[in-house]
Amino acid sequence: MDMISIRDIRKVYHIGTEKVVALGRISLSVAQGEICCILGTSGSGKSTLLNVMAGLERPSRGSVIIGGTDVTKYSEKQWALFRQKNIGFIFQSYNLLPTMTAVENVALPLAFRGVAKELRTGKAVKMLRAVRLGDRLLHRPTQMSGGQQQRVGIARAFVARPKLIFADEPTGNLDSKTGQEVMDLMVAMARKYGETLIIVTHDPEIAKYAERIITIHDGCKVSDESNPAAAGKK
Ligand code: ADP
Ligand code: ADP
């Protein structure tokens, strides 16, 4: 089953009288449980594509279908609710709340989804243990390394078991060794929980961790290939 499918997506920005075509006419589908990477150089349209797929920006044309529902027609408010319930995000700069502990940060999506208060801490702790941070539960972001903060970010993205997880340059602020560890962990977690994971990166070394690599250039898809080396690690 397709978890997300985009059809003929076009995105044009108007700057004064100038037109910038950020996305040409892109179509793609990602199956449930697939771990997929969108690879492209700076300015190729990766962020725009991710933002359109996650409903953070509206396409100029085309449709986005998630779990069989055409979400393109959603209002801002409907999209915001849908995101809260169905989509997890992993960010380049982690986006953890600085005044909150690791457990509180991870528990946040559960609160948004209406999980009872007495259940949240237990679920957050379990997820922090899954990312090997069982000994950092009460640490705040400034008391953790970049790699540890990103592992908190991963735990937060997975805790509410969303339909889809988007990771935007998840290793962009990490050294290469830590970046590789974070990729290994993120991919292992997606397999363990059967999550659909879409990673956006400019780095071919990072893309290698995905089972499927979609390359874009100048707002168009130039290749879409399965990557048996990563798939074989299952
Ligand atoms: P990437 O993430 O691959 O670096 P982007 O999706 O950010 O690429 O950008 C793709 C193209 O769209 C670029 O030419 C960029 O300048 C343009 N673009 C992106 N966002 C905007 C915007 N808000 N207004 C105008 N042009 C934009
Ligand atoms: P990065 O760490 O990659 O710089 P950003 O902070 O720029 O990430 O966020 C990437 C995109 O995600 C932005 O368009 C931003 O508006 C959006 N975003 C940030 N936080 C959330 C959130 N909690 N839920 C949904 N979208 C978010």
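Since we're looking at a predicted model, the values are computed, not measured.

Draft legend 1. View of the sheet that holds strand E5 (residues 69-70). The strand order E2-E1-E4-E5 describes an open sheet built from four strands, whose pairing is antiparallel. At either end of the open sheet lies a strand with only one pairing partner, and these are strand E2 (18-31) and E5. Two strands pair when backbone bridges link them, and strand E1 (residues 2-15) and E2 are joined in this way by ten bridges, in the antiparallel orientation. Across the sheet, His 14 pairs through a bridge with Lys 19, a residue of E2. Contacting E1, E2 and strand E4 (61-66), helix H1 (residues 46-53) runs over the sheet at an angle of about 60° to E2.

Draft legend 2. Representation of helix H6 (residues 176-193). Helix length check: H6 (18 residues) gives 26 Å between terminal C-alpha atoms against 26 Å at 1.5 Å per residue, within 8%. For H6, the N-terminal capping position is held by Asp 175, with its side-chain oxygen 3.2 Å away from the main-chain nitrogen of Lys 177. Backbone geometry just after H6 places Gly 194 at a positive phi near 65°.

Draft legend 3. Examining the side chain of Ser 44 more closely. Examined against the element boundaries, Ser 44 turns out to sit in the loop between strand E3 (35-39) and H1. Assessed through its relative accessible area of 2%, Ser 44 is described here as buried. Discounting residues that sit within four places of it in the chain, Ser 44 has contacts with Ala 22, Ile 216, His 217, Asp 218 and Gly 219.

Draft legend 4. Layout of the site of ligand 2. As a matter of local geometry, ligand 2 sits amid Leu 56, Arg 83, Phe 89, Phe 91, Gln 92, Ser 93, Asn 95 and Asp 168. Taking Ser 93, its side chain carries an N or O atom lying 2.5 Å from an oxygen atom of ligand 2. For ligand 2, the protein covers 51% of the area, taking 560 Å² as the surface of the free molecule. Class assignment of the residues belonging to the shell around ligand 2 gives a composition of three nonpolar, three polar and two charged.

Draft legend 5. Broad picture of helix H2 (residues 76-86). Buried residues of H2: Trp 79, Phe 82, Arg 83 and Asn 86, and no others. Within H2, the buried residues cover an arc of 100° as seen down the axis, which keeps them to one side. Exposed residues on H2 whose side chains face more than 90 degrees from its buried face are Lys 77, Leu 81 and Lys 85.

Rules of the game
- Residues numbered from 1 in each chain as written.
- Chains lettered and ligands numbered in written order.
- Predicted model: local features only at pLDDT ≥ 70, side-chain atom pairs only at ≥ 80, totals over all residues.
- Heavy atoms only, no water.
- Pairing = 2+ DSSP bridges.
- Helix = DSSP H or I, 4+ residues; strand = E, 2+ residues; numbered from the N terminus.
- Contact = heavy atoms within 4.5 Å.
- Axes fitted to C-alpha atoms, helices over the stretch in contact; angles between N-to-C directions.
- Expected span 1.5 Å × (residues − 1).
- Polar contact = N/O pair within 3.5 Å; in protein donor to acceptor, adjacent residues only side chain to side chain.
- Buried < 20%, exposed > 50% of the residue type's maximum accessible area, 1.4 Å probe, protein only.
- Near = heavy atom within 4 Å.
- Areas by Shrake-Rupley, 256 points an atom, 1.4 Å probe, with all protein chains shown as cover.
- Nonpolar A, V, L, I, M, F, W, Y, C, P; charged D, E, K, R; others polar.
- Arc of directions from axis to C-beta.

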